[in-house]
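# Structural overview for review
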Amino acid sequence: MVDTENYLIYMEYIEGCSVREYLVTPEGQTEAAQTKVAQDIGRALGLMHNIDVVHGDLTTSNLLMRNETGGSVVLIDFGLSYVSQLIEDKAVDLYVLERAFSSTHPNTEVMFEQILKAYGESGKASKQILKKLEDVRMRGRKRSMLG
């Protein structure tokens, strides 16, 4: 909430831990937990992109798990975010998260595919965005091959 009269911003305090921290716990390494987290992340990203917000810095450190039972995922740190209707921008957002997963959490390819599946079911233009993600991946691979 923003109080423009008194120049104040009120923010919710989220009691929990980052997805990055959660995924290294014994509970976070179970298939059931990873499936639930993946679905929550995919839905949250779909909702964010539906309102044309591009995060710009999607990592598992910028996704929080609420401590409550069945804790939901909360996106944080919108310092690099911007508004864009471009399919490309949203696909790059997903690519950044995919790279963060692969570099920080080895052997989570199945989990990331579950994120994309949930994303595909929750976004207005998700099919187009996921198709564009394939193009972005190809450019990323080409760039890494060329150095």
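Within every chain, residues take consecutive numbers counted from 1 along the sequence as written. Only residues with pLDDT of 70 or above have their local features reported here, since the model is predicted, and side-chain atom pairs are shown and tallied only from 80 upward, although totals for entire chains, interfaces and linings are computed over all residues. No hydrogens and no water enter the side-chain calculation; it runs on all heavy atoms of the structure.

An unreviewed UniProt entry annotates the protein as non-specific serine/threonine protein kinase originating from Linnemannia hyalina. According to the UniProt record, the Sequence similarities (unreviewed entry) comment for the protein is "Belongs to the protein kinase superfamily. BUD32 family." UniProt positions are given in the numbering used here, feature names are shortened, and annotations may be inferred rather than shown by experiment.

### Some thoughts on unusual backbone geometry
With a phi close to 60 degrees, Asp 77 is a non-glycine residue in the positive phi region. Secondary structure elements follow DSSP: runs of H or I of four or more residues count as helices, runs of E of two or more count as strands, with numbering from the N terminus. The residue Asp 77 is located in the loop between strand E6 (73–75) and strand E7 (82–83) in this model. For Asp 77, a relative accessible area of 40% corresponds to the partly exposed category. Backbone geometry places Asn 107, a non-glycine residue, at a positive phi of 65 degrees. Here Asn 107 shows up in the loop between helix H3 (87–104) and helix H4 (109–122). The exposed category is assigned to Asn 107, whose relative accessible area is 69%. To sort residues, take the accessible area from a 1.4 Å probe on protein chains only and compare it with the maximum for the residue type: under 20% means buried, over 50% means exposed, and anything in between is partly exposed.

### Considerations on the pairing of strand E5 (residues 63–66)
Walk down a regular strand and you will see the side chains alternate between the two sheet faces. The criterion for strand pairing is that DSSP finds at least two bridges linking the strands in question. Direction of pairing for strand E3 (residues 16–18) relative to E5: antiparallel, over a ladder of three bridges. Considered in E5, the bridge of Gly 16 is made with Arg 66. Relative to E6, E5 runs antiparallel, the two sharing three bridges. Its bridge partner being in E6, Met 65 is matched across the sheet by Val 73.

### Observations regarding the side chain of Asp 3
Relative to the elements of secondary structure, Asp 3 occurs in strand E1 (residues 2–3). Buried charge Asp 3 goes without a salt bridge, the closest partner of opposite sign being Arg 66 at 22 Å. The term polar contact refers here to a pair of N or O atoms within 3.5 Å; inside protein, the definition further demands a hydrogen-donor-capable atom paired with an acceptor-capable atom, and it admits residues adjacent in sequence only when both atoms are side-chain atoms. One polar contact links the side chain of Asp 3 to the main-chain amide nitrogen of Glu 5, over a distance of 3.2 Å. Between two residues, a contact is recorded if the distance between any of their heavy atoms is within 4.5 Å. Once residues lying within four places of it in the same chain are set aside, the contact partners of Asp 3 are Leu 8 and Tyr 10. Charge convention: Lys and Arg are scored as positive, Asp and Glu as negative, and His as well as the terminal groups of each chain are ignored. Definition used for salt bridges: Asp or Glu carboxyl oxygen within 4 Å of a side-chain nitrogen of Lys or Arg.

### Here's the deal with the pattern of salt bridges
Applying the stated rule across the entire model yields ten salt bridges. Residue Arg 66 pairs with Glu 12 through a salt bridge whose shortest N-O separation is 2.8 Å. Of this pair, Arg 66 sits in strand E5 while Glu 12 sits in the loop between strand E2 (8–9) and E3, placing them 54 residues apart in sequence. Assessed through its relative accessible area of 54%, Glu 12 is described here as exposed. Residue Lys 36 is joined to Asp 40 by a salt bridge in which the shortest nitrogen-to-oxygen separation is 2.5 Å. Of this pair, Lys 36 and Asp 40 both sit in helix H2 (residues 31–50), four residues apart, which is roughly one turn of that helix.

### Focus: H2
Since one α-helical turn is 3.6 residues long, residues separated by three or four positions face the same way. In a helix, the anticipated span is given by 1.5 Å times the number of residues less one. An ideal rise of 1.5 Å per residue puts 28 Å on 20 residues; H2 measures up with 28 Å between its terminal C-alpha atoms. Where H2 ends, the next residue or the one after it, Asp 52, has phi of about 65 degrees, a positive value.

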